[in-house]
Amino acid sequence: MNKMDEIIVVVPRNELFKNEKLAFQGTLLNDGESVSQGMEIINNMENHYGTMRRGDAEVDVDFKQPIPYAVIRRGDKIFVYKRLAGGGETRLHDKLSIGVGGHMNDMPEEEKALIEDFSFYTLLTDNLERELSEELEIGPGARETEIIGLINDDSQEVSKVHIGVLVVIDIEEDVTVEVNEPEQLEGFWLSITDLMKPEVHSKLESWSQIAAEVL
């Protein structure tokens, strides 16, 4: 199947942002004064999400595509991956990213019925785990997963139709992380200090730049 024919989760922008009253640019963190705003946006995702053909959603600014965007942290280091020439979209070659994630797919109603207390968080977690297993090989060991906020960037055409759910996954010092497709991606660890150096920060994808500034 062509990837643009995939059926993905979308939310009407007017419902998500309450006719722009909840709209924001950059990050909205789950602390301080922004907690209630972020919770309301996530509740709107849960109450108003539907599905759409991806090719249609990518060009329809009346809808936002929720994307789980997970940063893997080990101590004071962040897992970074570089997109190589053997990878997919040419525009992303040599770009750096600290986020793993992708478009969400809905579950069949019969599957939802089998899950006790099914919620949008259940759906998000299921999709995130699928993306992690496709992109990375994370070794055994304890991990803590926390949603720390949302990412929205309406300044660029590509990101205008997406909204990121920013997740941090903390793993123990001895847990290994490897990319599954080394011909497409190169993975390594950097400290936040190194990520913020201009020569590194400038190579980060836009969402990764936004996320790095709040970690």
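See the structure above.
The structure presented is a predicted model; accordingly, all values stated were derived computationally and were not measured.

Chemist: Which parts of the structure should I look at to understand the side chain of His162?
Modeler: By secondary structure assignment, the location of His162 is in strand E10 (residues 162–171). Side chain to side chain, His162 and Gln65 meet in a polar contact 3.2 Å long. A polar contact is formed between the side chain of His162 and the backbone oxygen of Val158, at a distance of 2.7 Å. In contact with His162, not counting residues within four places along its chain, are Glu58, Lys64, Gln65, Ile67, His103, Asn152 and Trp207.

Chemist: Can you help me understand the nonpolar core in this one?
Modeler: Generally speaking, a soluble globular protein has its nonpolar side chains buried in company with each other. Ranked by size, the top nonpolar core spans 35 residues in total, and within it Ile41, Met45, Ile72, Phe120, Leu132, Leu136 and Leu150 carry the most contacts. Contributions of two or more residues to this core are made by strand E1 (7–12), helix H2 (35–48), strand E4 (63–74), strand E5 (77–83), helix H5 (120–135), strand E8 (136–138), E10 and strand E11 (177–179). In this structure Leu132 touches Ile72, Val100, Ile138, Arg143 and Ile169, once residues within four positions along its chain are discounted. Of all hydrophobic cores here, the second largest spans 19 residues; its members include Ile67, Tyr69, Val71 and Ile210.

Chemist: Could you clarify how one ought to interpret unusual backbone geometry in this entry?
Modeler: What is expected of a backbone is that most residues other than glycine have negative phi and most peptide bonds are trans. With a phi close to 50°, Lys18 is a non-glycine residue in the positive phi region. Checked against the element boundaries, Lys18 lands in the loop between helix H1 (13–16) and strand E2 (26–29). One non-glycine residue, Asn19, lies in positive phi territory at about 55°. Relative to the helices and strands, Asn19 is located in the loop between H1 and E2.

Rules used throughout
- Residues numbered from 1 in each chain as written.
- Predicted model: local features only at pLDDT ≥ 70, side-chain atom pairs only at ≥ 80, totals over all residues.
- Heavy atoms only, no water.
- Helix = DSSP H or I, 4+ residues; strand = E, 2+ residues; numbered from the N terminus.
- Polar contact = N/O pair within 3.5 Å; in protein donor to acceptor, adjacent residues only side chain to side chain.
- Contact = heavy atoms within 4.5 Å.
- Core = buried A, V, L, I, M, F, W, Y, C linked by side-chain atoms within 4.5 Å.
- Buried < 20%, exposed > 50% of the residue type's maximum accessible area, 1.4 Å probe, protein only.

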